[in-house]
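Tertiary structure, described
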Amino acid sequence: MNALLLAAAEEPQPPLVPHLDELVIGLIAFVIVFGLLAKKLLPNINKVLEQRREAIEGGIEKAESAQIEAQSVLEQYKAQLAEARHEAARLRQEATEQGTAIIQEMKAEGQRQREEIIAAGHAQIEADRKSAAASLRRDVGKLATDLAGKLVGESLEDTARQSRTIDRFLDELEEKAEAVR
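Treat the numbers as computed from the prediction; the structure is a model and nothing was measured.

Conventions adopted
- All residue numbers refer to positions counted from 1 along the written sequence of the respective chain.
- Owing to the predicted nature of the model, reporting of local features is limited to residues with pLDDT of at least 70; listing and counting of side-chain atom pairs is limited to 80 or more, with chain, interface and lining totals taken over all residues.
- Only hydrogens and water are set aside when side-chain values are computed; all heavy atoms of the structure are taken into account.
- Numbering goes from the N terminus for both helices and strands, where a helix is a DSSP run of H or I of at least four residues and a strand is a run of E of at least two.
- Only protein chains enter the accessibility calculation, which uses a 1.4 Å probe. A residue is then buried if its area is under 20% of the maximum for its type, exposed if over 50%, and partly exposed in between.
- Working definition of accessibility: Shrake-Rupley area with a 1.4 Å probe, residue cover restricted to the visible protein chains.
- Two rings from Phe, Tyr or Trp (for Trp, the six-membered ring) form a pair when their centres sit within 6.5 Å of each other. Planes less than 30 degrees apart are called stacked, planes more than 60 degrees apart edge-to-face, and all others tilted.
- Each salt bridge in this description consists of a side-chain nitrogen of Lys or Arg and a carboxyl oxygen of Asp or Glu lying within 4 Å of one another.
- A score between 0 and 100, pLDDT records how confident the predictor is in each residue.
- Grid points spaced at 1 Å over the protein atoms alone were grouped into cavities, where a 1.4 Å probe fits but cannot get out, and pockets, open sets with protein on both sides within 12 Å along at least five of seven lines, with lining residues defined by an atom within 4 Å of a point.
- Grid points are joined across faces, edges and corners, and a volume is the space filled by probe spheres set on the points.
- Lys, Arg, Asp and Glu make up the charged group, whereas Ala, Val, Leu, Ile, Met, Phe, Trp, Tyr, Cys and Pro make up the nonpolar group; the residues left over, Gly among them, are polar.

Structural notes on the overall build of the protein
Counting its secondary structure elements, the protein contains three helices and zero strands. Ordering the α and β elements of the protein from the N terminus gives α-α-α. Taken over 181 residues, the protein has a buried fraction of 3%. Accessible area of the protein: about 16,100 Å², with a carbon and sulfur share of 63%.

So this is what it looks like as structure tokens:
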């Protein structure tokens, strides 16, 4: 091998081809560095990668649980919103019914008051008519008595006879008025 080395040493070596001893030393150094990296650095890298994978998976699980929870909250919100709308519709219906009932009560109360006023008016008119009829009867009787006394030429001051005469006269007038109707 010495002879081979001497022969190789004498031949000019191309610049891109390394010497055999440099190649062996480089290969040994590569194996040592690769071994050190595989024993020391690779487990740390794998550990960090595993932690990141777990963190990502945990984040995904948390995101999925948060999404499920958000979906649940959304469903609850939709249910509450539907319930609130239903309650609002029910309250509107009740208010409409109460308004209708109040309007009916007010109409009935107005009708009752109207009828009371009309009845009171009729009663007042009837009382006024009776009062006017009595007053008219007295006045007509007085005038008729005075006129009859002047025609007959004697005084008709007897109150009982005067009252009977007046009543009979007015009754005849009323009968004639009713017969005309």
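Concerning the packing of aromatic side chains
Using the criterion set out here, one finds one aromatic pair in the structure. Centre to centre, the rings of Phe30 and Phe34 are 6.1 Å apart; their planes meet at 20°, and the pair counts as stacked. Of this pair, Phe30 and Phe34 both sit in helix α2 (residues 20–152), separated by four residues, roughly a single helical turn. In this structure, Phe30 and Phe34 share a single accessibility class: exposed.

Considering the pattern of salt bridges
Within this structure, the stated rule accounts for seven salt bridges. Put simply, Arg53 and Glu50 hold a salt bridge, and the shortest N to O gap is 2.1 Å. A residue pair is termed a helical-turn pair when its members lie 3 or 4 positions apart in one helix, as Arg53 and Glu50 do in helix α2 at three residues. Arg53 sits in the partly exposed class, given a relative accessible area of 37%. Where Glu87 meets Arg90, a salt bridge forms, and the shortest distance between an N and an O atom there is 2.2 Å. Here Glu87 and its partner Arg90 are both found in helix α2, three residues apart, which amounts to about one turn of the helix. Glu87 sits in the partly exposed class, given a relative accessible area of 33%. On the basis of relative accessibility, which here comes to 35%, the residue Arg90 falls in the partly exposed class.

Re the confidence of the model for the protein
Averaged over the protein, the pLDDT score is 83; the fraction of residues at 70 or greater is 85%. The secondary structure element of the protein with the lowest average pLDDT is helix α1 (residues 2–10), at 56, and the one with the highest is α2, at 88.

Let's talk about the layout of surface pockets
Taking a probe equal in size to a water molecule and rolling it over the atoms shows the remaining empty space. Each pocket or cavity is described by its volume, and for the second largest pocket that value is around 200 Å³. The set of elements that each furnish at least two residues to the lining of the second largest pocket consists of α2 and α3 (159–180). Class assignment for the residues of the lining of the second largest pocket results in five nonpolar, no polar and three charged.

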